[in-house]
Amino acid sequence: MKKFNKKGILVSLFTLMLILATSVVAFATGDDAANVSNYYSTFWAMVPPLVAIALALITKEVYSSLFIGIVLGGLLSANWHPVAALDNVINAGLIEAVSGTAGIFIFLVILGALVALINKAGGSKAFGRWAETHIKSRVGAMFATFILGVLIFIDDYFNCLTVGSVMRPVTDSHKISRAKLAFIIDATAAPICMIAPVSSWAAAVSEFTEGTGFSGIELFVRAIPYNFYSLLMIVFVLGIIFMKFDYGPMKLHEFNAMTKGDLFTSGKDDVESAENSDGNEKGKVIDLILPVIVLVIISIVGLLYIGGFFGVDLWGGTDNAGSFVGAFGNTDATVGLPWGALVALIATVIYLLARRVITFKDAMESIPMGFKAMVPAILILTFATALKNMTGLLGADVYVEALMDSAASGLANFLPTIIFLVACVLAFSTGTSWGTFGILIPIVAAIFDPTSELLIIGMSACLAGAVCGDHCSPISDTTIMSSAGSQSNHVNHVSTQLPYAITVALVSFVVYVLAAFIQSAWVLLPVGIILMLGTLFVIKAVTKNKEA
């Protein structure tokens, strides 16, 4: 039976009551709702997400924390007027959140059904048996997860959910905690997509590069060597795997997994699973591999189709016909991924029925099972998106732009460092890396000379900071998807990943400081790798001494 966190409930209730009491007092003293909030483009625009994040980490309860952040954002945007605030929360917040992410909801549900279907057919169990004979160690299981994450670079959502579904039976069999699995998935999702020229992230960056003097893809490729957070995160993950140590909260999770067989440590009751331990014994590895291959291929085709590769795009344009890069730059993952997932689901049902490893009744029962497994992720994603909408109403982007303009005078060489920090904070607070570089790239383009190498470094710092903040934030969609893919408790994933992400961020910060004096990726990147590995050796030595 689920145990309730009494302290967390009391903290959440007290915070909510305090916010509502403030609203009543402000309303009684005569503050009126207005078209523009009195808090627009001020530090208060950042307060709702910061409150939500703090509550989530304190109470270990993400739903109420996000909801309180949304309510606070609604009240601030309406000058504490309760009726106008409710209107903002419902319409600008929740309804827009659902309509804006409906395609991802569909993709989640279909993928959940696909996982349940494969489990019923015995594909996951067969893959687990194969893994026991071919992947013989914890290091091998984690490295295989890393490699699969690197290979699926096309989209971060797709990466998180596919890698989690495929590798979960393997990591479970080697007693790797779900928190560690979630970290490896998250570390090979956004960071890998951010250095892959053919990905939904490259396409998104390309949309904001007007005025830089470069084409979108050219700027993206030139920025890769300076994207220190993404590149050093790869070094960090490999270091943690092969050096065989952990620190921070992750250490406890891994200890419990290895010694007690407890993959969750806490929060297991919060995780819904589409897994079925009674899968068909006749299932084969191909029953898992083939649906995943079909899903990958059809999803890529779907993204290209929506982007207009085959003639006409979703919006009726023909500019990208026959252009692989152009179609990716023009696609919409919220449409293309459900398109591919639905075709893959139908093909998988037909294939498994033909193999006679499931019945038609089993296939239909998998659909609600998959939906149930994805309900937590859908709820968190809805609330997180609604919270982002509230920060939009409060003009968080305008506030950050003003901060950047004030920092531009007299600190030209150190601007990449400042940009990295600002992008980290903005992405962490809003939970959106795409929104972050959408805000900052035009500002960066206006600050730097188009012929200067500092423009490329500044762009890279913006992209790296956006990924870093997104990686750390509990309201980030990629973080939420990593929890869903690994079937890990979301707060556990955030709390165990945070020290790791901060470690890489600190090393990246030092390298960006050096970039003020050494504007060469061929020098800076090796220095960053040496610093990253040196940091890991020091941390391992310190943690080992504490144990002694």
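Residues numbered from 1 in each chain as written. Predicted model: local features only at pLDDT ≥ 70, side-chain atom pairs only at ≥ 80, totals over all residues. Heavy atoms only, no water.

Asker: Help me understand the overall build of the chain, please; the structure alone is not making it clear to me.
Answerer: Each helix and strand counted, the chain has 25 helices and zero strands in total. Among the 548 residues that make up the chain, the fraction classed as buried is 55%. Nonlocal contacts in the chain, meaning residues at least 24 apart in sequence, comprise 80% of its contacts between residues at least 6 apart. For the chain, the accessible area works out to roughly 21,900 Å², and carbon and sulfur atoms hold 69% of it. (Helix = DSSP H or I, 4+ residues; strand = E, 2+ residues; numbered from the N terminus. Buried < 20%, exposed > 50% of the residue type's maximum accessible area, 1.4 Å probe, protein only. Contact = heavy atoms within 4.5 Å. Areas by Shrake-Rupley, 256 points an atom, 1.4 Å probe, with all protein chains shown as cover.)

Asker: Help me out: how do you make sense of a nonpolar patch on the surface in this one?
Answerer: On the surface, Phe414, Val510, Phe517, Ile518, Val523, Val527 and Leu531 cluster together into a nonpolar patch covering about 550 Å² of accessible area. Broken down by element, the nonpolar patch gets its largest block of residues, three residues, from helix α25 (residues 521-547). Within the secondary structure layout, Val523 lies in helix α25. (Patch = residues over 30% accessible without salt bridge, like charges linked within 9 Å, V, L, I, M, F, W, Y side chains within 5 Å. Salt bridge = Lys/Arg side-chain N within 4 Å of Asp/Glu carboxyl O.)

Asker: Help me understand helix α17 (residues 333-355), please; the structure alone is not making it clear to me.
Answerer: Note on helix geometry: an α-helix contains 3.6 residues per turn, so any two residues three or four positions apart are oriented the same way. Taking 1.5 Å of rise per residue, 23 residues should cover 33 Å, and α17 covers 32 Å from first to last C-alpha, within 8% of that figure. Those residues of α17 that sit buried are Ala333, Gly336, Leu337, Pro338, Gly340, Ala341, Ala344, Leu345, Thr348, Val349 and Leu352. Arg356 occupies a position one or two residues after α17 and carries a positive phi of about 60°. (Expected span 1.5 Å × (residues − 1).)

Asker: Whenever I open this one, helix α21 (residues 433-447) confuses me. Can you help?
Answerer: Along its 15 residues, α21 runs 20 Å from first to last C-alpha, staying within 8% of the 21 Å computed at 1.5 Å per residue. The principal kink in α21, of about 30°, is found at Leu440, preceding the proline Pro442 by one to four residues. Along α21, the residues classified as buried are Ser433, Thr436, Phe437, Gly438, Leu440, Ile441, Ile443, Val444 and Ala445. (Bend = angle between axes of the 7 residues up to and from the residue.)

Asker: Is there a simple way to explain the packing of aromatic side chains in this structure?
Answerer: Both the distance between ring centres and the angle between the ring planes are used here to describe each pair of aromatic rings. Enumeration according to the criterion identifies 16 aromatic pairs in this entry. Ring geometry for Phe420 and Tyr512: centres 5.2 Å apart, planes at 35°, overall tilted. Of this pair, Phe420 sits in helix α20 (residues 415-430) while Tyr512 is found in helix α24 (residues 490-514), placing the two residues 92 residues apart along the sequence. The pair Phe420 / Tyr512 is uniform in exposure class, with both members buried. Through a chain of ring-to-ring contacts, the aromatic side chains of Phe183, Phe236, Phe245, Tyr247 and Tyr500 assemble into a single cluster. (Phe/Tyr/Trp six-rings, centres within 6.5 Å; stacked < 30°, edge-to-face > 60°.)

Asker: Looking at this model, I keep getting lost on the environment of Phe360. Mind explaining?
Answerer: Within the fold, Phe360 resides in helix α18 (residues 360-393). Distance in space between the C-alpha atoms of Phe360 and Ile350 is 9.4 Å, their sequence separation being ten residues.

Asker: What exactly am I supposed to notice about the pattern of salt bridges here?
Answerer: Close approach of charged atoms allows side chains with opposite charge to pair. Per the stated rule, a full pass over the model turns up seven salt bridges. As a salt-bridge pair, Asp172 and Arg178 come within 2.7 Å of each other at their nearest N and O atoms. Here the salt bridges share partners, and the residues they tie into one network are Arg138, Lys180, Asp246 and Glu254.

Asker: Help me out: how do you make sense of empty space enclosed by the protein in this one?
Answerer: Remark: the empty space left among the atoms is shown by a probe the size of a water molecule rolled over them. Here the structure, examined in full by the defined rule, presents three cavities of 30 Å³ or more. Within this model, the largest cavity holds a volume of roughly 110 Å³. In terms of lining, the largest cavity is formed by Leu111, Leu114, Val115, Ile118, Asn119, Ser124, Thr162, Ser165, Val166, Leu288, Val292 and Leu295. Considering every element that reaches the lining of the largest cavity, the biggest residue donor is helix α5 (residues 102-121), with five residues. (1 Å grid on protein atoms, 1.4 Å probe; cavity = no way out; pocket = protein on both sides within 12 Å on 5 of 7 lines; lining within 4 Å. Points joined across faces, edges and corners; volume = space filled by probe spheres on them.)

Asker: Help me out: how do you make sense of the packing of helix α14 (residues 249-260) against α24 in this one?
Answerer: Two quantities define a packed helix pair, namely the angle between the axes and the distance from one axis to the other. It is the contact of α14 with α24, at a shortest axis distance of 7 Å, that shows an interaxial angle of 120°. By the angle class used here, α14 and α24 are oblique. Across the interface between the two elements, Pro249, Met250 and His253 of α14 pack against Asn492, Ser495, Thr496, Pro499 and Tyr500 of α24. When its residues are assigned to classes, the contact of α14 with α24 shows four nonpolar, four polar and no charged. (Axes fitted to C-alpha atoms, helices over the stretch in contact; angles between N-to-C directions. Parallel < 35°, antiparallel > 145°, perpendicular 65-115°, else oblique. Nonpolar A, V, L, I, M, F, W, Y, C, P; charged D, E, K, R; others polar.)

Asker: Just checking my understanding: could you explain the side chain of Gln497 for this structure?
Answerer: Note that Gln497 resides in helix α24. Overall, the relative accessible area of 1% leaves Gln497 in the buried class. Apart from residues no more than four positions distant in its own chain, Gln497 is found in contact with Ala182, Phe183, Asp186 and His471.

Asker: Would you take a moment to explain the nonpolar core for this structure?
Answerer: One broad trend across soluble globular proteins is that nonpolar side chains are buried collectively. Within the largest apolar cluster, 159 residues are counted, with the highest numbers of intra-cluster contacts made by Phe183, Tyr229, Phe236, Phe437 and Met481. With 13 residues, helix α22 (residues 453-472) is the single largest residue contributor to this core. Apart from the residues lying within four places of it in its own chain, the contact partners of Met481 are Leu108, Tyr157, Cys160, Leu161, Ala377 and Leu381. (Core = buried A, V, L, I, M, F, W, Y, C linked by side-chain atoms within 4.5 Å.)

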